[in-house]
Amino acid sequence: MSIQLIRQAFNGNRPPPKMWRSHELKEYYDVVIIGGGAHGLACAYYLAKEHGITDVAVLEKSYIGAGGSGRNTAIIRSNYLTSEGVRFYNQSVKLYEQLSDELNFNVMFSQRGHLTLAHTDGGVNTMRRRAEVNQIEGVDSRLIFPDDIKSLCPYLDVSDHPRYPILAALYHPPGGIIRHDAVVWGYAHQADVRGVHIHQNTEVTGIKVQDGKVTGVETTRGHIKTGTVLNATAGWASTITAMVGVKLPLTTIPLQACVTEPLKPFLDVVVVSGSLHVYISQTDRGELVMGASVDPFSSYSMAGSLAFLEGIAGHVLELFPSLSHVRILRQWAGICEMPPDYSPIMGFTPVNGFLIDVGWGTYGFKASPIAGKTLAELIATGKPPILIVPFRLSRFEENDLVGEKGAAAVGH
Amino acid sequence: MLLLTCPNCGDRNVSEFRFGGEYGPRPKDPSATSDAEWANYLYMRHNVMGAQTEWWHHSDGCGLWFLAERYTRTNEVIKTFPYVKRDA
């Protein structure tokens, strides 16, 4: 990085080379990935790097990272509830740990530790169960009690005065936060270098299917012939999948977040409370990033609401009374598609050549590398990797759900 | 969307209501319904970006379950109306 800086200083103040290029739309691609977020770009990258498939187009209706990849609260963790979930997200954390080296781009992954608070006996039991499942799968995760919580997070109110006193917490040291835009840009750059075409401002308007097999994609910039399409448009996945006549078990609901003005460093862990529907972390700039549970009704609208701000402010003050004078800088919303079991849906559909990477609810960003990697393997070999078999679409008909509600998000 | 019209009570703050999900007709004869049809009724959703017919419950009011038509892109409510069993 520093050599680049020095080189740039003698560069006559010319702008640095673009991280990815623009291309004309080709007539044919081996693989078309719909959705230029972290998932789609990661899949393109691993297709090119690990399987030598470089004739790939990534279609993005807006700019890359405009959807959930740029709207999440950038928390990475693997302390889930089911063995299938823990195994999958643990591989993701491992890939994130190597990602700066892998992409030669600093993604600023800070493994500062992740605390999930329990305020009731039932909550403590759930945390205990998660700790056991996590440890069996080799994930560093354990139950800690108010004295230890206080030493990790001195400003947290661990007294017995609040309405929801803190009884215990699930402590997950490898968890942390990351710069989510950098992940998107890093994957985009490395995919571009290997020959992947990234098409921004290119919206898919239709998908052509002949005799049960995908033959092409219609876009606002023209027609593309292809035999393989991956739908990686979490949030909007139902609208794309409807183009091939397949229904998904998803309901799209907005999720809001907000950020405060910058403060001096005072919080170096991620704090989550399911009972209070809140998660909070402090960025390197000092701002507190706070998120809550999903909105009360389904919508594709990304408008923020005052009800959300009032709710989250009350809940954060319950945990950190000392923040009462801190001002909110901005708020935003992203859209999340919630499956009934809070686990993603990845793999084949009844339409030959149409693959899905959907159902990413409120937990999609933290799975980007492993989702991209496993789906690239699926596309290259035609065989679903063992890690994603539990997340197949047919599990709903087979009554074989992966119930992740207790650990996937807060307050559902 | 700040207000929703309950067929009984009229315009009320939307916080009085609970969202009940997209409307889908229930299979008529449970014993003649295949697993695939049950899965479709229980889990699969159109999840449209556009006009959606959906359930609402006036939970902090009269307790009525009723239907609404709403644009999911803008949250504009087209109409609300009581549920009438189609074929009893």
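If you're wondering where the values come from, they're calculated on a predicted model, not measured in any experiment.

A. Geometry of the interface of chain A and chain B. Every contact between the two is made by 21 residues of chain A and, on the other side, 21 residues of chain B. Here chain A packs against chain B, burying approximately 1,700 Å² in sum over the two surfaces, 58% of which is carbon and sulfur. When the buried area of chain A at its contact with chain B is split by residue, A:Lys247, A:Phe297 and A:Tyr300 rank highest and sum to 39% of it. Summed over the shared surface of chain A and chain B, the number is 0 salt bridges. Linking chain A with chain B are 11 residue pairs in polar contact (both at pLDDT 80 or more), by the criterion used here. Every element with two or more residues in the side of chain A that touches chain B is listed here: α7 (237-241) and β13 (251-260) of chain A. Looking at the side of chain A that touches chain B, its residues break down into 11 nonpolar, 8 polar and 2 charged.

B. How the structure looks around the nonpolar core. All names here are of chain A. Ranked by size, the top nonpolar core spans 72 residues in total, and within it Ile33, Leu47, Phe88, Ile178, Val183 and Tyr187 carry the most contacts. With 9 residues, the top contributor of residues to this core is helix α2 (residues 38-51). Summarising the domain contributions, this core has at least three residues from each of domain 1 (20-72 + 181-249 + 341-406) and domain 2 (112-176 + 251-338). For Val183, the residues in contact, after removing those within four places along its chain, are Ala38, Tyr96, Leu99, Leu103, Val107, Ile178 and Phe365.

C. Looking closely at the packing of α2(A) against helix α3 (residues 83-103) of chain A. All names here are of chain A. At a minimum axis distance of 14 Å, the contact between α2 and α3 shows a crossing angle of 70°. Considering the angle they form, α2 stands roughly perpendicular to α3. In the crossing of α2 with α3, the sense of the turn from one axis to the other is left-handed. Residue-level contacts link Tyr45, Tyr46 and Lys49 of α2 to Leu95, Leu99, Glu102 and Leu103 of α3.

D. Summary view of the environment of A:Lys247. Checked against the element boundaries, A:Lys247 lands in the loop between α7 and β13. At 3.3 Å, the side chain of A:Lys247 forms a polar contact with the side chain of B:Asn40.

E. Summary view of the packing of aromatic side chains. Per the stated rule, a full pass over the model turns up 22 aromatic pairs over all chains. Relative to A:Tyr89, the ring of A:Tyr80 lies with its centre 4.0 Å away and its plane at 10°, an arrangement referred to as stacked. Of note, A:Arg77 hangs over the ring of A:Tyr80, and the distance from its end group to the ring centre comes to 4.4 Å. It is B:Lys79 that lies over the ring of B:Phe81; its NZ or CZ is 5.0 Å from the centre.

F. Broad picture of the pattern of salt bridges. All names here are of chain A. Applying the stated criterion across every chain, the model contains 18 salt bridges over all chains. Among the ionic pairs, Asp55 bridges to Lys26, the shortest N-O distance being 2.7 Å. Linking Asp55 in the loop between α2 and β2 (56-59) with Lys26 in the loop between α1 (2-9) and β1 (31-34), this pair joins segments that are 29 residues apart in sequence.

Conventions used here
Residues numbered from 1 in each chain as written. Chains lettered and ligands numbered in written order. Predicted model: local features only at pLDDT ≥ 70, side-chain atom pairs only at ≥ 80, totals over all residues. Heavy atoms only, no water. Contact = heavy atoms within 4.5 Å. Buried area = accessible area lost by both parts, 1.4 Å probe. Salt bridge = Lys/Arg side-chain N within 4 Å of Asp/Glu carboxyl O. Polar contact = N/O pair within 3.5 Å; in protein donor to acceptor, adjacent residues only side chain to side chain. Helix = DSSP H or I, 4+ residues; strand = E, 2+ residues; numbered from the N terminus. Nonpolar A, V, L, I, M, F, W, Y, C, P; charged D, E, K, R; others polar. Core = buried A, V, L, I, M, F, W, Y, C linked by side-chain atoms within 4.5 Å. Buried < 20%, exposed > 50% of the residue type's maximum accessible area, 1.4 Å probe, protein only. Domains from an automatic or database assignment. Axes fitted to C-alpha atoms, helices over the stretch in contact; angles between N-to-C directions. Parallel < 35°, antiparallel > 145°, perpendicular 65-115°, else oblique. Left-handed = near helix turned anticlockwise from the far one by under 90°. Phe/Tyr/Trp six-rings, centres within 6.5 Å; stacked < 30°, edge-to-face > 60°. Lys NZ or Arg CZ within 6 Å of the ring centre and 35° of its normal.

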